[in-house]
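Here's the letter readout for the chains.
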Amino acid sequence: MKNNNSVLFALSASKKLGNNVAKYLHQELGNIEIKHFDDGETLVKSIDSLRNKDVYVLQSTSNPVNENLMELLIAIDSFKRASARSINVIIPYFGYSRQDRKTESREPITCKLVSKLIENSGATRVTICDLHADQTQGFFEVPVDTVSATYMLLKQIKKDISLHDAIIVSPDYGSVKRARKISNSVNLPMAILDKRRPKPNSAEIVNVLGNVVNKTCIIIDDIIDTGGTLIAACNVLKQHKAKKIVFAATHGLFSKNACHNLQKAIKDKKIDRMYITNTLDTIYNCKIDHLKIVDISPMIGEIIKIYQGIGYKTITNLYNKTKIRKE
Ligand code: R5P
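A.B. asks: Is there a simple way to explain the pairing of strand 8 (residues 166–170) in this structure?
C.D. replies: Regular strands place their side chains on alternate faces of the sheet. Of all 5 residues in strand 8, 5 are buried; the element is thus mostly enclosed. Burial along strand 8 is two-sided: the residues Ala166, Ile168 and Ser170 and Ile167 and Val169 are all buried. Note that strand 8 and strand 11 (residues 216–224) share 4 bridges and pair parallel. Bridge pairing links alanine 166 to threonine 216 in strand 11. Alignment of strand 8 against strand 9 (residues 190–199), held across 3 bridges, turns out to be parallel.

Structure representation (structure tokens):
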């Protein structure tokens, strides 16, 4: 986007999504120079003047997390020093969001540290898609809008499959609130998986709370990372005689051997369908059968329009009018 008052930039981790958003808005992306020096340092600067402009910058702080985060911080600093009027930081996937509390003595709260860094660099507003825990908004003093793609995923699922024998499954206790909201909105029963993490990146599910016999289980999560939660969920749901498993998540990190393991789970008919959004550009590198990618660029485009005082005017109105969310 490049009109008289606004400029939209897409940084390295969100180039594809940024191009989609720009297309949706019938605008061009702003010209930005991102240089990586031989000593590992980065320089980011706008090619054109930003004086008195409203800047919108898209960057997922995904793997390589520290590299992408630093690039974002440097970009914000450069916009501030170029006298931008406002700096609207849109973070489709917010890395470190799961490190939002001390779970053991002497642990850091890195999510708060990262929030402070973004704010102190000069962000005047932050928009995050499906933030891991809503209360993280409080780590910022500038306004934060958290937006959800869950209902776009659900809309796609409803188009593809019949929900007559479906049940919404919360993959862990942390996701119960989200699952309950969804089950209420589509009028379906709900089950909860009793997940434990014996060590980081390892998931164990022993109990299922609810009856999943002969049901199509729709698991909706915010993140799929190593895929461990999903595979453990499939195993326990199949043991409890579930008929089909449909999985949807906003952020597809696909770390370690996730792609390979999930493709195998699809081939072995443990998972029937998967839905992930494109908050991470890298999602397109993962080739999995029966994986559908849901494009969130229309939602981001509409949110930018709201910030510009046009279109749906408020986020609640956007959700209601597009029926992507039932409040
Ligand atoms: C956990 O709290 C999250 O909501 C996800 O369930 C988790 O991050 C997924 O990670 P993985 O795919 O590695 O099990």
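A.B. asks: Help me out: how do you make sense of the nonpolar core in this one?
C.D. replies: In summary, soluble globular proteins display a tendency toward joint burial of nonpolar side chains. Counting 42 residues, the largest nonpolar core has Leu8, Val21, Ile157, Ile218, Ile300 and Ile304 as the members making the most contacts within it. In terms of residues, this core owes the most to one element, helix 8 (residues 297–307), which gives 6 residues. The next biggest cluster of nonpolar side chains, apart from the first, holds 32 residues, and it includes Ile205, Ile219, Ile271 and Met274.

A.B. asks: Which parts of the structure should I look at to understand unusual backbone geometry?
C.D. replies: As a rule of thumb, non-glycine residues mostly have phi less than zero, and peptide bonds are mostly trans rather than cis. The peptide bond linking asparagine 63 to proline 64 adopts the cis configuration, its omega dihedral lying at 0°. One non-glycine residue, histidine 26, adopts positive backbone phi at about 55°. The topology assignment puts histidine 26 in the loop between helix 1 (15–24) and strand 2 (32–36). At arginine 106, a position not held by glycine, the phi torsion is positive, near 70°. Structurally, arginine 106 can be placed in the loop between strand 5 (86–91) and helix 3 (110–121).

A.B. asks: Honestly, the state of the cysteines in this entry has me stumped. Any pointers?
C.D. replies: Here a disulfide denotes a covalent bond joining the sulfur atom of one cysteine to the sulfur atom of another. Within the structure shown, the criterion is met by 1 disulfide. A sulfur-sulfur distance of 1.7 Å marks the disulfide that ties cysteine 259 to cysteine 286. Here cysteine 259 is found in helix 7 (residues 258–267), whereas its partner cysteine 286 is found in the loop between strand 13 (273–277) and strand 14 (291–294), with 27 residues between them in sequence. Classification of cysteine 259 by relative accessible area gives partly exposed; the value is 24%. In this structure cysteine 286 comes out as buried when scored by relative accessible area, which is 7%. With no disulfide of its own, cysteine 111 lies 15 Å from the sulfur of cysteine 129, the closest cysteine sulfur. We note that cysteine 234 lacks a disulfide partner, and the nearest cysteine sulfur, in cysteine 217, lies 9.2 Å from it.

A.B. asks: Can you help me understand the sheet that holds strand 8 in this one?
C.D. replies: Sheet strands pair by backbone hydrogen bonding; their relative direction is either parallel or antiparallel. With mixed pairing, the 7 strands of this open sheet are ordered in space as 10-9-8-11-12-13-14. The outermost strands of the open sheet, each flanked by one partner alone, are strand 10 (202–209) and strand 14. The sheet shows a mean angle of 25° between the axes of neighbouring strands, direction not considered. Contacts between helix 5 (residues 176–186) and the sheet are confined to strand 8, strand 9 and strand 11, with strand 8 contributing the most and set at about 160° to the helix. Those strands touched by helix 6 (residues 228–239) are strand 8, strand 9, strand 10, strand 11, strand 12 (244–252) and strand 13, and its axis lies near 35° from that of strand 10.

A.B. asks: I'm lost on the site of the ligand in this one. Help?
C.D. replies: Taken together, 14 residues form the shell around the ligand, and within it Arg98, Asp221, Asp222, Thr226 and Thr229 come nearest. One of the side-chain N or O atoms of arginine 197 is found 3.3 Å from an oxygen atom in the ligand. One of the backbone nitrogen or oxygen atoms of aspartate 225 is found 2.8 Å away from an oxygen atom of the ligand. Here the ligand, which alone exposes 380 Å², has 92% of that area covered by the protein. Listed by contribution, the elements that provide at least two residues to the shell around the ligand are strand 9, strand 11 and helix 6. Sort the elements by how many residues they give to the shell around the ligand and strand 11 lands first, with 4 residues.

A.B. asks: What am I meant to see in the sheet that holds strand 7 (residues 144–147) here?
C.D. replies: Here we have 5 strands laid out as an open sheet, ordered 1-4-5-6-7, and parallel in their pairing. In this open sheet, the two edge strands, each paired with only one partner strand, are strand 1 (6–10) and strand 7. Ignoring strand direction, the axes of neighbouring strands in this sheet form an average angle of 15°. Two strands pair when backbone bridges link them, and strand 4 (residues 54–58) and strand 5 are joined in this way by 5 bridges, in the parallel orientation. Bridging across to strand 5, aspartate 54 finds its partner in serine 86. Relative to the sheet, helix 8 contacts strand 1, strand 4, strand 5, strand 6 (125–129) and strand 7, its axis offset from that of strand 6 by approximately 160°.

What counts and what doesn't
Residues numbered from 1 in each chain as written. Predicted model: local features only at pLDDT ≥ 70, side-chain atom pairs only at ≥ 80, totals over all residues. Heavy atoms only, no water. Buried < 20%, exposed > 50% of the residue type's maximum accessible area, 1.4 Å probe, protein only. Helix = DSSP H or I, 4+ residues; strand = E, 2+ residues; numbered from the N terminus. Pairing = 2+ DSSP bridges. Core = buried A, V, L, I, M, F, W, Y, C linked by side-chain atoms within 4.5 Å. Disulfide = S-S within 2.5 Å. Axes fitted to C-alpha atoms, helices over the stretch in contact; angles between N-to-C directions. Contact = heavy atoms within 4.5 Å. Near = heavy atom within 4 Å. Polar contact = N/O pair within 3.5 Å; in protein donor to acceptor, adjacent residues only side chain to side chain. Areas by Shrake-Rupley, 256 points an atom, 1.4 Å probe, with all protein chains shown as cover.

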